[in-house]
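This is what each chain is made of:
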Amino acid sequence: MLQFLWEGIDLHKATAAWIKTRSSGIPLAEFVRSVRTHTAAILKDERQAGKPINFGLIYGGGANIVVDVAKKDYNITMTLEQAEEARQGFFELYPGLLSWHTAAWESVRKGRIETPFGLVRSLAGMTENQGALQRKAINTPIQGTASYIALLGLVCCCNEITRRGLDPVVHI
């Protein structure tokens with residue numbers, strides 16, 4: 001996934017392309033080498049179908065979550081069997097996420113999750129079911145890190161405004 005991001009590959013197209021391609025027998029390594037060709041062939045509705053797969057699975061959901069997200073958020077009807085196929089393809093394409101999910105699930109057992117910036121969220125005493133706690137453990141580092149990066153950007157902007165002697169108040 002990081003390789004695709006660094007190369008400017010659209011992740012929704014990449015996921016949709018792999019799900020579409022994997023049944024044709026093309027090895028994953030060959031797909032990755034020619035990902036631009038495969039993603040170029042993905043239509044708008046196919047890209048749209050990649051979104052619930054990416055968003056449903058990256059945060060720790062299973063096939064049932066993918067089905068729900070597809071219908072609720074994208075008005076796409078997907079069977080549980082299709083979602084399970086998509087789930088298998090997703091973790092083939094992005095294998096590092098499965099080990100990351102496993103580590104997050106271990107955090108649930110420990111009762112706490114920590115972001116890369118050191119923010120600790122206690123999971124002890126939460127009454128949600130195991131699946132909800134696992135999704136929180138996966139989501140916390142993503143959202144927490146994004147929040148810190150946004151704040152860092154604001155600090156940099158404030159510093160630059162001050163350095164230039166500009167008025168930091170926005171007038172509307």
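Residues numbered from 1 in each chain as written. Predicted model: local features only at pLDDT ≥ 70, side-chain atom pairs only at ≥ 80, totals over all residues. Heavy atoms only, no water.

Q: What is the right way to read helix α2 (residues 11–21) from this model?
A: Note: α-helices contain 3.6 residues per turn, so residues at a spacing of three or four share the same orientation. For α2, a buried count of eight out of eleven residues is recorded, marking the element as mostly surrounded by other parts of the structure. Here α2 has its buried residues at Leu-11, His-12, Ala-14, Thr-15, Ala-16, Ala-17, Trp-18 and Thr-21. Capping of α2 at its N-terminal end is provided by Asp-10; its side-chain oxygen lies 2.9 Å from the backbone amide nitrogen of His-12. (Buried < 20%, exposed > 50% of the residue type's maximum accessible area, 1.4 Å probe, protein only. Helix = DSSP H or I, 4+ residues; strand = E, 2+ residues; numbered from the N terminus. Polar contact = N/O pair within 3.5 Å; in protein donor to acceptor, adjacent residues only side chain to side chain.)

Q: What is the right way to look at the nonpolar core in this model?
A: Side chains of a nonpolar character, in soluble globular proteins, are inclined to be buried together. If you look at the biggest cluster of nonpolar residues, it comprises 28 residues, and the most contacted ones within it are Phe-4, Ile-53, Phe-90 and Tyr-94. At the level of elements, α2, α5 (44–58), α6 (63–74) and α7 (80–93) are the ones that each hand at least two residues to this core. In terms of residues, this core owes the most to one element, α6, which gives six residues. Here Ile-53 is in contact with Thr-15, Ile-19, Val-66, Met-78, Ala-86 and Phe-90, once residues within four sequence places are set aside. Ala-104, Ile-113, Leu-123 and Ile-138 belong to the second-largest nonpolar core, a separate cluster that totals seven residues. (Core = buried A, V, L, I, M, F, W, Y, C linked by side-chain atoms within 4.5 Å. Contact = heavy atoms within 4.5 Å.)

Q: Explain the pattern of salt bridges here, please?
A: One side chain can pair with another of opposite charge once the charged atoms of both are near each other. Taken as a whole, this structure holds nine salt bridges when the rule is applied. Here Glu-46 ties to Lys-20 by a salt bridge, and the two come within 2.9 Å at their closest N and O atoms. One end of the pair, Glu-46, is in helix α5; the other, Lys-20, is in helix α2, with 26 residues separating them in the sequence. Glu-106 is paired through a salt bridge with Arg-109; the nearest N and O atoms lie 3.0 Å apart. With Glu-106 and Arg-109 both in helix α8 (residues 95–110) and three residues apart, the pair spans about one turn of that helix. The exposure class of Glu-106 is partly exposed, given its relative accessible area of 32%. Note on Arg-109: relative accessible area 55%, which makes it exposed. A network of salt bridges, in which partner residues are shared, links Arg-22, Glu-85 and Glu-92. (Salt bridge = Lys/Arg side-chain N within 4 Å of Asp/Glu carboxyl O.)

Q: Help me out: how do you make sense of the packing of aromatic side chains in this one?
A: We describe a pair of aromatic rings using the distance from one ring centre to the other and the angle between the two ring planes. The tally for this structure, following the rule as stated, stands at five aromatic pairs. Measuring from centroid to centroid gives 5.1 Å for Phe-90 and Phe-91, while their planes differ by 85 degrees, and the two rings are edge-to-face. Judged by relative accessible area, which is 0%, Phe-90 ranks as buried. Judged by its relative accessible area of 10%, Phe-91 is buried. Plain terms: the ring middles of Phe-90 and Tyr-94 are 5.1 Å apart, the flat faces sit at 70 degrees to each other, and that makes the pair edge-to-face. Overall, Tyr-94 belongs to the buried group, its relative accessible area being 1%. An aromatic cluster is present here, built from Phe-4, Phe-90, Phe-91 and Tyr-94 joined pairwise through their rings. (Phe/Tyr/Trp six-rings, centres within 6.5 Å; stacked < 30°, edge-to-face > 60°.)

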